[in-house]
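# Notes for the structure review
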Amino acid sequence: MTWHKFPLSTQLELLEKGETDSLSLTKALLERIKEKDPQIKAFIKVTEEEALKAAEEADRSRKEGEKRPLLGLPLAIKDNICTRGIPTTCASRILANFVPPFDATVITKLKAAGAVILGKTNLDEFAMGSSTENSAFFPTKNPWDFSRVPGGSSGGSAAAVAAGFCAGALGSDTGGSIRQPASFCGVVGLKPTYGRVSRYGLVAFASSLDQIGPITRTVKDAALLLQYLAGPDPKDSTSAPKEVPDYLSALKMDLRGKKIGLPKEYFGEGLEEEVRLKIEEALKVFKEELGLEIREISLPHTPYAVATYYIIAPAEASSNLARYDGVKYGLRVEAQDLIAMYKKTRSQGFGPEVKRRIMIGTYALSAGYYDAYYKKASQVRTLIVRDFMEAFKEVDFIVGPVAPSPAFKIGERVDDPLKMYLSDIYTISVNLAGIVGLSLPCGFSGQGLPIGIQIMGPHFSEPEVLALGHQFEEILKLYERYPEI
Amino acid sequence: MSITKEEVIHVAHLARLEFEEVELERFAEQLAEILSYVEKLGELDTSNVEPTYHALNLVNVFREDEVKGSLPTEEALSNAPEKENGFFVVPKVIK
């Protein structure tokens, strides 16, 4: 049976009908991981023993008549989300041996819903990067072309779903880290509204931007997972005190006559022609087959988004990462006094990109520079937020590319941090404004590389954004295409 | 925009990092390049713009002050590089 080709919703149906059980499904996926992951390297750790045990328990519960919503479904988890008793490394030497004594809220929720955890996936160290090359352990390969990156920072999760190691995974998105790898790997990635999903137990990078979300083969599956991830959490005071709507039943809503805005700033210089063409073809589908209206809009402060982000995110990171001091957990490098111990530990424990961001952030927050950098960037952030709020008075959705190009070659950008940062140009504004961003496949390049399209919507518009994505994917059915690995 | 080696050393100290000579030069160059790019924010007049520190305008969240379970000391210390009698151990601080 080609288990690896089934989306979550099909797996769930087969489990519910009794046509298979979780143990067979989990074993089949573990077998595939064993066979194919040595080439792709999506996983930092495969938790085989725990997965088999959880699958057996799921089967037992099902036999006893339990009706948990994700019962027996195998999923992978980005390795910056804490899992009790299972190492959570953030792909960093400084946390290489860290075993959390608690579960992140999303893990507690997934376990309660019956999910089976297959393992922890690779990422750019502390989620800082756009290619997964910044992992301190090893780079992950793109399943569509092993010479290319899977994107990042959730490159391991996106590659795992694309390779059929699992039909669903968790990622985190601070500036595009779910959406861009989803686009590069030809899968679906959702960055929910800031505060929609609890961040408790997500290792903090930039707290005002970080958000956990699903990476799946279909938009329908993203809706299915979000249903059980979303909701207020007493352990995260920034989680929104808002009820969770029924995302699955919203998928069928009538969208005819709704308006899509195309920001002209997202179609200018730097966008590769092939990507532009695929987006234009997709727009035709939205208009002619789904009956939406399309108009040009402007988000005038877009050219300032990358600069804004690369002050705010490093500033928050430099403060968040101060906790890695060789005292409470993680690496310690001995030295004669406390300050020397801090410096040695941090200098040996962090990789170059993490140090670079800590340095930028520390500089931007240091005496005499705070107003010029951090405050200035936070004011420009307000202008970027206003651009979106103005636009959403006129249109229901904003559509554009996810990244300027399909997946680039491994090693191509690793020595040029600014060029790497600029590849985040279409995704970071969504985090600055805290709105919804969905990335889904809209075609393939001449070289057979996946190209993604991004649907953005206002705060808490997940039902509408997912519905539009779902109705689009059901016309193109690109989820039926698999990489030959 | 340029950044001197001394500035890099100062910021590194604030961040509790240290760099070798070659790294210092590379960092000075890369930081200068990134900060020059960021200077484009100066093109915008933001004198009457309130800063945004958070995407949603959430207000304080209150709850009852109830006693609840917490991690046992042993588990909380389970990842500590050095511990003794329920405490974290650090190198000598007082000279």
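What comes next concerns the included structure. (Residues numbered from 1 in each chain as written. Chains lettered and ligands numbered in written order. Predicted model: local features only at pLDDT ≥ 70, side-chain atom pairs only at ≥ 80, totals over all residues. Heavy atoms only, no water.)

### Examining empty space enclosed by the protein
Residues and elements named next belong to chain A.
- Within this structure, the stated rule accounts for 4 cavities of 30 Å³ or more.
- There is about 90 Å³ of room inside the largest cavity.
- Forming the boundary of the largest cavity are 15 residues, of which Gly129, Gly175, Ser177, Tyr309 and Asp424 lie nearest the centre.
- Residue composition of the lining of the largest cavity, by class: 4 nonpolar, 9 polar and 2 charged.
- Two domains share the lining of the largest cavity, each providing at least three of its residues, namely domain 1 (3–257 + 396–480) and domain 2 (303–377). (1 Å grid on protein atoms, 1.4 Å probe; cavity = no way out; pocket = protein on both sides within 12 Å on 5 of 7 lines; lining within 4 Å. Points joined across faces, edges and corners; volume = space filled by probe spheres on them. Nonpolar A, V, L, I, M, F, W, Y, C, P; charged D, E, K, R; others polar. Domains from an automatic or database assignment.)

### Some details on the packing of helix H10 (residues 305–320) of chain A against helix H13 (residues 371–394) of chain A
Residues and elements named next belong to chain A.
- Two numbers describe how H10 lies on H13: the axes approach to 9 Å, and their chain directions differ by 125°. The pairing of H10 with H13 is recorded here as oblique in orientation. The handedness of the crossing between H10 and H13 comes out as left-handed. Contact residues: H10 offers Ala305, Thr308, Ile311, Ile312, Ala315 and Glu316, while H13 offers Tyr373, Tyr374, Ala377, Ser378, Val380, Arg381 and Ile384. (Axes fitted to C-alpha atoms, helices over the stretch in contact; angles between N-to-C directions. Helix = DSSP H or I, 4+ residues; strand = E, 2+ residues; numbered from the N terminus. Parallel < 35°, antiparallel > 145°, perpendicular 65-115°, else oblique. Left-handed = near helix turned anticlockwise from the far one by under 90°. Contact = heavy atoms within 4.5 Å.)

### A word on helix H1 (residues 8–17) of chain A
Residue and element names in this part refer to chain A.
- For H1, the set of buried residues is Leu8, Ser9, Gln11, Leu12, Leu14 and Leu15.
- On its buried face, H1 is in contact with helix H2 (22–40), helix H3 (48–63), strand S2 (74–78), strand S4 (168–173), strand S6 (211–216) and helix H7 (219–229).
- Looking one or two places after H1, you find glycine 18, whose phi comes out positive at around 80°. (Buried < 20%, exposed > 50% of the residue type's maximum accessible area, 1.4 Å probe, protein only.)

### Focus: the pairing of strand S5 (residues 188–191) of chain A
All names here are of chain A.
- Here S5 shows a buried face lined by Val188 and Leu190 and a second buried face lined by Gly189 and Lys191.
- As defined by bridge partners, S5 adjoins S6 across 2 bridges and the pair is classed as antiparallel. In the sheet register, valine 188 faces S6, and the bridge partner there is threonine 216.
- In this sheet, strand S10 (residues 436–444) lies alongside S5 in antiparallel orientation, the contact comprising 3 bridges. Paired with glycine 189 across the two strands is serine 439, which belongs to S10. (Pairing = 2+ DSSP bridges.)

### Quick look at the interface of chain A and chain B
- Every contact between the two is made by 73 residues of chain A and, on the other side, 50 residues of chain B.
- Where chain A abuts chain B, roughly 5,400 Å² becomes buried across the two surfaces, and 67% of that area is made up of carbon and sulfur atoms.
- The largest contributions to the chain A side of the interface with chain B come from Lys343, Met359 and Tyr363 of chain A, which together make up 13% of the buried area.
- Between chain A and chain B we count 3 salt bridges in total.
- With a closest N to O distance of 3.1 Å, arginine 332 of chain A and glutamate 82 of chain B form a salt bridge.
- Here chain A and chain B share 20 residue pairs in polar contact (both at pLDDT 80 or more) between them. (Buried area = accessible area lost by both parts, 1.4 Å probe. Salt bridge = Lys/Arg side-chain N within 4 Å of Asp/Glu carboxyl O. Polar contact = N/O pair within 3.5 Å; in protein donor to acceptor, adjacent residues only side chain to side chain.)

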